[in-house]
Structures are given as C-alpha cells and as structure tokens.
Amino acid sequence: MHTQFSWDAPRGDMEATCRRAVEIGLPAVAFTEHADFTGGGYPDFHPLDAGAYRCEVERCRALFPGLRVLSGVELGQPHRFPAEAAALLAAGPIDRVLGSVHCVPWQGDLADVSIDGMLTASRAVETVRSYFGELLALVESGEPFEVLAHLDYPKRYWPHAELTYREEDHEEEIRAVLRAAAARGSVLEVNTTRGAEPHRGLCPGPTVLRWWVEAGGAAVSLGSDAHDPERVARGFELASEMVEAAGFRPNDDPTGYWLR
C-alpha cells in the first residue's frame, strides 16, 4: 500500500491506514512506497523521503503494537536507474522490495503508460508491447527486488470501450516475463486496486495466473495497492478465491506469501 510518502497518494495517511487495517481485522500491512527515479512529466512528483518515511513506520509500530507493520518500497524502472536504486536500498533495512514498470520510452524520454495519449485505440498495442519489453528487461536485469508488481499495469488504462483487451493477444510477451520471473525466484503480485471492475479487474487475472503456474511460479502476493485508507484490502476476497483455485495456499505467517 501507499501513504503520504508516495508522490501519487495525496490522500495517503499511514496512521489512518493502520487504524483501518485494525478495524477490518488485518494482522499485518506493508507500506511499499513509490521510489520512482523519473518524474514522468507529473507536476506533483517528488522523490521518496526515506528518512521521514522510516520515522513514521516506527511511530505507527508503536501506536499499533498488535499490527505487524512492514516497511517496503516499490522501485519504478530500477533497471534503468541501478545506481539510484542501489543507493536507496543501501540507506537502511527494508522488509519488502517490489519491482515495477510504469514508463516506456517515448520521444527520447520515458512516459508513464497512463498518460493521456499513450493508450489510445490506435497506439495501445504498440504501447503495451513496449511495456512488456521493459518488464522483461527489469526481470532479467538482476535488480534486487522480490515481488513483481502489477504485471499487466496497462490493462487499467486500456481503451476498453473501443478495443477488447485479451491476454492471449500478448501471450508470447507475458509468458517470457513469467518464465524469467520464475527462474529468478520472484513472487508474482496479484494487484487488487481495481477490485472486481469489469475488464480491468484483478491484475493479473486467472489466465495469466495459470501461465504463472505453468512457468513454474511458486508464490504470489496479494496487494491492494491502496493509495488512501479506505481502500485497504479492497478486492482481497475475490483475489483469494482466484489464487486458491490456482493451487496456492495461504501462509501460516500473516506476512508470508501464498505458496504452491
């Protein structure tokens, strides 16, 4: 989840998120704040203040002793910024490290696929092909992340009203990423930020999860990707059913991954 320390979470609040987690009975939370090394043209972008973030984690651990609070970071495009990623990880211990891609090369720079114009009906296929190429480069880079986040991120912003999104149309690229991720022992995140919304839904959905099993993937992680307290664990019930149907079982450790 994300809090006020992530540049794209203006409604984020770590203390309120912990309070909400306790209210709904969660035994543990992980705050995997954005560490993006490019602003991507966003006017509200700011780098992660790792020192202030760690202080707030410790404060919340003290305020909510019955809740396990994990520190974490979501590295954005670390394969393109290895020195910056290494410096952040060397600054202090982090419980959970996610690797993700949001941006693709565009007009000599990097652009987030969610930006207007990147996923129009005429450009969507090209953008997604570029995205999966970047994702494969990340997985094959050896950057030290454990969890591969929101594998089919562009699906959230796909022009669903004009063009049907089919995993099978990108099967070759997706399977290549999954094979490489399984080979390095990565954990695949099932991201529930869109919950049960039509088309966008879980990220990834059952088709890609089946391909993950076929690739030899041994673990998955549930992430609500909440950017405000009210969205904590949104979509977890549906995701749990899907993950269990694919043969994964919950861990005895509440901070552990679902395993086959």
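Everything that follows concerns the structure shown earlier in this document.
The rules behind the values
Residues numbered from 1 in each chain as written. Predicted model: local features only at pLDDT ≥ 70, side-chain atom pairs only at ≥ 80, totals over all residues. Heavy atoms only, no water. Axes fitted to C-alpha atoms, helices over the stretch in contact; angles between N-to-C directions. Helix = DSSP H or I, 4+ residues; strand = E, 2+ residues; numbered from the N terminus. Parallel < 35°, antiparallel > 145°, perpendicular 65-115°, else oblique. Contact = heavy atoms within 4.5 Å. Nonpolar A, V, L, I, M, F, W, Y, C, P; charged D, E, K, R; others polar. Core = buried A, V, L, I, M, F, W, Y, C linked by side-chain atoms within 4.5 Å. Buried < 20%, exposed > 50% of the residue type's maximum accessible area, 1.4 Å probe, protein only. Salt bridge = Lys/Arg side-chain N within 4 Å of Asp/Glu carboxyl O. Pairing = 2+ DSSP bridges.

A. Up close: the packing of helix H4 (residues 124-140) against helix H5 (residues 171-183). Remark: H4 packs on H5, axes separated minimally by 9 Å, with the N-to-C direction vectors making an angle of 10 degrees. It follows from the interaxial angle that H4 and H5 lie roughly parallel. When H4 is examined against H5, the residues Arg129, Phe132, Leu135, Leu136, Val139 and Glu140 are found in contact with a partner set consisting of Glu173, Ile174, Ala176, Val177, Ala180 and Ala181. Split into classes, the residues belonging to the contact of H4 with H5 amount to nine nonpolar, no polar and three charged.

B. Focus on the nonpolar core. Within the largest apolar cluster, 63 residues are counted, with the highest numbers of intra-cluster contacts made by Leu135, Leu148, Leu151, Trp212 and Val220. Here the element with the most residues in this core is H4; it accounts for seven residues. If near-sequence neighbours (up to four positions away) are discounted, leucine 135 is found in contact with Val101, Leu148, Leu151 and Val177. Grouped together as the second largest cluster of nonpolar side chains are six residues, Leu98, Ala149, Val187 and Tyr257 included.

C. Representation of the pattern of salt bridges in the model. With the rule as written, the count across this model stands at 19 salt bridges. A salt bridge links glutamate 134 to arginine 80; the nearest nitrogen and oxygen atoms lie 2.8 Å apart. Of the two residues, glutamate 134 is situated in helix H4 and arginine 80 in the loop between strand S2 (68-76) and helix H3 (82-90); the sequence distance between them amounts to 54 residues. Between glutamate 167 and lysine 155 there is a salt bridge whose closest N-O contact spans 4.0 Å. Here glutamate 167, found in the loop between strand S6 (147-148) and H5, pairs with lysine 155, found in the loop between S6 and H5; they are twelve residues apart in sequence, far enough to count as distant.

D. Representation of unusual backbone geometry. Cis peptide bonds are those with omega within 30 degrees of zero, and the linkage from cysteine 203 to proline 204 qualifies with 5 degrees. Within the element layout of this structure, proline 204 appears in the loop between strand S7 (187-191) and helix H6 (206-214). The phi dihedral of glutamine 77 falls on the positive side, at around 55 degrees, and the residue is not glycine. Note that glutamine 77 resides in the loop between S2 and H3. Positioned with a positive phi, histidine 150 is a non-glycine residue whose angle comes to about 25 degrees. With respect to the helices, strands and loops of the structure, histidine 150 is situated in the loop between S6 and H5.

E. Representation of the sheet that holds strand S1 (residues 28-36) in the model. Here we have seven strands laid out as an open sheet, ordered S1-S2-S3-S6-S7-S8-S9, and mixed in their pairing. Edge positions in the open sheet fall to S1 and strand S9 (258-259), since each of these has one partner strand only. As paired strands, S2 and strand S3 (residues 96-100) are joined by five bridges and run parallel to one another. Residue pairing for S3: glutamate 74 is matched across the bridge by leucine 98. Here helix H1 (residues 14-23) sits on the sheet and contacts S1 and S2; the angle it forms with S1, its principal contact strand, is near 150 degrees.

F. Representation of the side chain of serine 71. You can see serine 71 is positioned in strand S2. Residue class for serine 71 comes out buried when judged on its relative accessible area of 8%. If near-sequence neighbours (up to four positions away) are discounted, serine 71 is found in contact with Phe31, Tyr53, Arg61, Pro93, Ile94, Asp95 and Arg96.

Bear in mind that shape data such as this cannot, by itself, settle questions of function.
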